[in-house]
Amino acid sequence: MSPTLSLPISQAFIGKPQDHVKETHQPKSTNRENPCQQTPKDVKLSKRKLLSSTALGLLGAGVSVAKPARAEPESPIASTSSRMSYSSFLRYLDEGVVRKVDLFENGTVAIAEIYNPALDKIQRVKIQLPGLPQELLRRMKDKNVDFAAHPAEINWGAAINDLLGNFALPLIFLGSLLLRTSSTNSPGGPNLPFGLGRSKAKFQMEPNTGVTFDDVAGVDEAKQDFQEIVEFLKTPEKFTAVGARIPKGVLLVGPPGTGKTLLAKAIPGEAGVPFFSLSGSEFIEMFVGVGASRVRDLFNKAKANSPCLVFIDEIDAVGRQRGTGIGGGNDEREQTLNQLLTEMDGFTGNTGVIVIAATNRPEILDAALLRPGRFDRQVTVGLPDIRGREEILKVHSNNKKLDKDVSLSVIAMRTPGFSGADLANLMNEAAILAGRRGKDRITLQEMDDSIDRIVAGMEGTKMTDGKNKILVAYHEIGHAICATLTPGHDLVQKVTLIPRGQARGITWFLPGEDPSLVSKRQLFAKIVGGLGGRAAEEVIFGEPEITTGAAGDLQQITQIARQMVTTFGMSEIGPLALVDPAVQSGDVVLRMLARNNMSEKLAEDIDRSVRNIIESAHEIAKEHIRNNREAVDKLVEVLLEKETLAGDEFRAILSEFTNIPTENVNRTSIREMITA
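In this text the structure is predicted, and so the values were computed from the model without any measurement. (Residues numbered from 1 in each chain as written. Predicted model: local features only at pLDDT ≥ 70, side-chain atom pairs only at ≥ 80, totals over all residues. Heavy atoms only, no water.)

## With respect to the overall build of the protein
Step number 1: The helix and strand inventory of the protein stands at 26 helices and 14 strands.
Step number 2: Scored against the burial criterion, the 676 residues of the protein give a buried share of 43%.
Step number 3: Counted over contacts in the protein with a minimum sequence separation of 6, partners at least 24 positions apart contribute 72%.
Step number 4: Surface exposure of the protein reaches about 37000 Å², of which carbon and sulfur atoms provide 53%. (Helix = DSSP H or I, 4+ residues; strand = E, 2+ residues; numbered from the N terminus. Buried < 20%, exposed > 50% of the residue type's maximum accessible area, 1.4 Å probe, protein only. Contact = heavy atoms within 4.5 Å. Areas by Shrake-Rupley, 256 points an atom, 1.4 Å probe, with all protein chains shown as cover.)

## Comments concerning the sheet that holds strand β13 (residues 506–510)
The strands making up a sheet are joined through hydrogen bonds of the backbone, oriented either antiparallel or parallel.
Step number 1: Ordered by their spatial adjacency, three strands build an open sheet running β13-β12-β14, and the pairing between neighbours is antiparallel. Each of the sheet's edge strands pairs with one partner strand only, and the pair in question is β13 and β14 (644–646). Across the sheet, the mean angle separating the axes of adjacent strands is 20 degrees when strand polarity is ignored.
Step number 2: In this sheet, β13 lies alongside strand β12 (residues 491–496) in antiparallel orientation, the contact comprising five bridges. Paired with Leu491 across the two strands is Leu510, which belongs to β13. (Pairing = 2+ DSSP bridges. Axes fitted to C-alpha atoms, helices over the stretch in contact; angles between N-to-C directions.)

## Here's the deal with the environment of Leu369
Step number 1: Topologically, Leu369 is positioned in helix α11 (residues 367–370).
Step number 2: Of the residues examined, Leu369 reaches a relative accessible area of 0% and is grouped as buried.
Step number 3: When the C-alpha atoms of Leu369 and Leu337 are compared, they prove to be 8.5 Å apart, with 32 residues separating the residues in sequence.
Step number 4: Among all residues touching Leu369, those that are not within four sequence positions of it are Ile315, Gly319, Leu337, Leu340, Leu341, Met344, Arg374 and Phe375.

## Things to note about the packing of helix α9 (residues 290–304) against helix α10 (residues 332–344)
Step number 1: Two elements in contact, α9 and α10, have axes whose closest approach is 7 Å; the angle formed by their N-to-C orientations is 20 degrees. In terms of orientation, α9 and α10 fall into the roughly parallel class. Taken as a pair, α9 and α10 cross one another with a handedness that is right-handed. Note on element contacts: α10 touches α9 through Glu332, Gln335, Thr336, Gln339, Leu340, Glu343 and Met344, opposite Val290, Gly291, Ala292, Val295, Arg296, Phe299 and Lys303.
Step number 2: Here the residues of the contact of α9 with α10 are counted per class, giving six nonpolar, four polar and four charged. (Parallel < 35°, antiparallel > 145°, perpendicular 65-115°, else oblique. Left-handed = near helix turned anticlockwise from the far one by under 90°. Nonpolar A, V, L, I, M, F, W, Y, C, P; charged D, E, K, R; others polar.)

## Considerations on the pattern of salt bridges
Step number 1: For the structure on display, the rule yields 29 salt bridges.
Step number 2: Glu619 serves as the salt-bridge partner of Lys622, at 3.5 Å between the closest nitrogen and oxygen. Within this pair, Lys622 and its partner Glu619 are both found in helix α22 (residues 600–627), separated by three residues, close to a single helical turn.
Step number 3: Via salt bridges that share partners, Arg414, Asp448, Asp452 and Lys494 belong to a single interconnected network. (Salt bridge = Lys/Arg side-chain N within 4 Å of Asp/Glu carboxyl O.)

## Quick notes on the side chain of Thr258
Step number 1: Following the sequence through the fold, Thr258 ends up in the loop between β7 (249–253) and α8 (260–271).
Step number 2: A polar atom in the side chain of Thr258 sits 2.9 Å from the backbone oxygen of Pro255.
Step number 3: At a separation of 3.1 Å, a polar atom in the side chain of Thr258 contacts the main-chain carbonyl oxygen of Val381.
Step number 4: Ignoring any residue separated from it by four or fewer positions in sequence, one finds Thr258 in contact with Val219, Val381, Gly382, Leu383, Ser419 and Gly420. (Polar contact = N/O pair within 3.5 Å; in protein donor to acceptor, adjacent residues only side chain to side chain.)

## Brief notes about the confidence of the model for the protein
Step number 1: For the protein, the mean per-residue pLDDT works out to 76, and 74% of the residues sit at or above 70.
Step number 2: Low confidence marks residues 1–81, where pLDDT is under 50. Its contacts with residues over four positions away, or in another chain, come to 100 contacts. (pLDDT = per-residue confidence, 0-100.)

## Quick word on the nonpolar core
Step number 1: Among the nonpolar cores identified, the biggest contains 44 residues, and Ile477, Ile481, Ile527, Leu635, Phe650 and Leu654 are the most heavily contacted of them.
Step number 2: Of all the elements in the fold, those that place two or more residues in this core are α16 (467–484), β12, α17 (520–530), α18 (532–541), α19 (551–566), α22, α23 (629–642) and α24 (647–655).
Step number 3: Setting aside its immediate chain neighbours within four residues, Ile481 contacts Val632, Leu635, Phe650 and Leu654.
Step number 4: By size, the runner-up hydrophobic cluster in this structure holds 25 residues, among which are Leu263, Ile267, Phe311 and Ala358. (Core = buried A, V, L, I, M, F, W, Y, C linked by side-chain atoms within 4.5 Å.)

## Comments concerning the side chain of Asp345
Step number 1: Turning to its location among the elements, Asp345 is positioned in the loop between α10 and β10 (353–359).
Step number 2: Of the polar contacts made by the side chain of Asp345, one reaches the side chain of Lys248; its length is 3.3 Å.
Step number 3: In contact with Asp345, other than residues within four places in its own chain, are Lys248, Arg371, Gly373 and Arg374.

## Structural notes on the packing of aromatic side chains
Step number 1: For the coordinates displayed, the defined rule picks out two aromatic pairs.
Step number 2: When the ring of Tyr474 is compared with that of Phe541, the centres are 5.6 Å apart and the planes differ by 90 degrees; the resulting orientation is edge-to-face. You can see Tyr474 sitting in helix α16 and its partner Phe541 sitting in helix α18, a full 67 residues away along the chain.
Step number 3: Residue classification places Phe541 among the partly exposed positions, given a relative accessible area of 27%.
Step number 4: The cationic tip of Arg91 hangs over the ring face of Tyr92; the distance from NZ or CZ to the ring centre is 5.6 Å. (Phe/Tyr/Trp six-rings, centres within 6.5 Å; stacked < 30°, edge-to-face > 60°. Lys NZ or Arg CZ within 6 Å of the ring centre and 35° of its normal.)

Take a look at the structure:
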């Protein structure tokens with residue numbers, strides 16, 4: 001009996017049926033791969049042979065068949081259009097009809113030569129491999145399949161295009177730099193493209209800053225110096241007739257917020273001359289030489305518009321001392337400073353340009369910058385005194401509606417140490433509170449709440465009745481009693497249990513006069529008052545029940561006591577300055593460079609003196625609490641009921657139990673003190 005034969009699909013399309021096959025009516029096939037496929041019914045085919053012939057027949061349709069004699073594919077992947085799934089490839093591999101396999105693209109693509117026994121031909125197909133598993137290599141070795149891996153062909157045209165694409169943008173950028181490079185004689189300086197060397201100063205030919213000397217208050221001395229400069233610019237012949245020359249530079253020195261920039265804005269508005277303004281940080285860039293070039297460009301423009309004013313804010317950004325060991329001699333900041341020194345007073349001179357600079361760190365400026373001829377005047381703009389604060393409050397309250405009970409004199413007295421910026425913020429906060437509460441005018445309540453918020457922080461949640469509230473009440477009454485009974489201390493303004501910021505309760509004091517000069521007795525009284533809270537906790541609740549509430553008080557009184565010993569010479573050690581001023585400076589570099597010349601014996605004496613001052617003040621505070629225990633209990637009872645106790649009411653209750661020092665009795669009323 002002859003074996004069962006497979007009928008190739010290609011014969012169903014182009015060949016005639018075999019002689020021994022009987023032609024019958026053929027129904028339509030349901031095979032998805034070839035809907036036109038027809039299978040004779042009278043031919044008995046095995047299922048496996050039928051599947052093999054079907055798949056291989058489909059591969060042969062429209063595909064060029066390679067000759068078996070040629071093992072290497074001429075066109076590896078592009079010439080092969082027929083594809084085969086990986087599972088079908090493995091099946092043909094098991095049947096032993098795979099003759100050769102060529103691997104491309106790191107083993108992810110294979111071109112296989114598969115023998116079709118029905119056609120007696122070798123067909124080439126493309127298979128997408130899931131990587132190159134070791135199991136596949138082992139199976140090809142077991143079947144003696146000839147396989148080889150081929151490196152990827154290099155498309156030189158595409159590679160050159162990619163290379164040019166990668167370098168196109170840098171080449172264009174470099175070309176534009178070369179085309180736009182400034183010439184040697186340009187204001188921006190040589191070899192600085194895109195105007196990097198040009199000054200960023202804001203220029204006003206006819207200044208309109210909106211600020212005049214009428215808007216500047218509380219700094220009368222500084223304002224007088226600048227009024228002289230304005231008068232010199234308006235009528236120079238008045239001064240040149242007697243041989244005077246205009247100052248080349250004015251340096252404004254003072255704490256932040258005191259009005260240095262405000263003064264600088266007022267000068268051009270009064271003088272009416274061209275005005276350049278910029279910050280010291282605008283000179284500095286990451287490119288070497290840019291800062292010096294910008295300085296040259298700035299002064300070239302200023303000389304072309306002379307007489308004019310140049311204002312440099314925060315000049316410490318560029319005028320730091322040279323040779324501090326940081327940055328080296330070629331540092332960009334130092335080169336910028338060198339150019340600034342040359343432009344202000346160098347070989348060529350500088351005529352008709354007045355430089356005004358401002359800083360709050362004069363101790364770090366270079367000595368060559370501060371000498372006469374560059375900055376002829378140094379104007380100190382300090383914190384305003386009580387009269388200055390009142391004038392500043394008047395300026396900032398011009399556009400605000402104040403209640404008739406609001407006294408700016410009282411507000412000025414309650415704000416020692418406030419700068420002009422702080423007072424402006426105070427008036428704005430009071431106006432915001434009045435608007436939030438639906439009022440049409442700012443009352444004394446809004447002013448008090450604004451001061452408390454600026455000094456101590458936002459108001460917190462009120463404490464509920466309990467042990468903590470009672471302890472805080474005794475703590476704050478202890479502060480108030482010890483301060484009131486100690487001669488030289490400031491008056492108690494109010495005592496409150498309303499938390500603000502980190503404080504659970506606060507005792508406010510009202511200074512009798514401006515604290516510009518403070519005596520030894522006043523400093524010692526501050527230490528006694530600061531220890532009053534801890535003394536009350538010890539006497540009332542016992543030493544085991546003292547709390548952490550006195551942490552801030554202890555830091556303050558320790559700092560005061562150490563300053564009395566090391567800075568003010570108010571101890572048994574004697575009138576000696578025992579701390580280098582550089583150590584007390586806020587600059588980190590100066591503190592690092594300062595040498596410690598203090599001996600161990602002297603350090604021990606300082607610690608002992610500080611401790612003696614604090615211990616003696618602590619004993620006085622505890623004695624005040626013990627001797628006035630009945631008054632303490634009464635005041636705590638009233639404070640727990642009202643939560644806020646005014647200073648006059650506090651002193652009235654305390655005077656029923658003990659005698660208040662005469663100097664405090666004579667100042668019991670704030671209004672009487674003001675009118676006096």
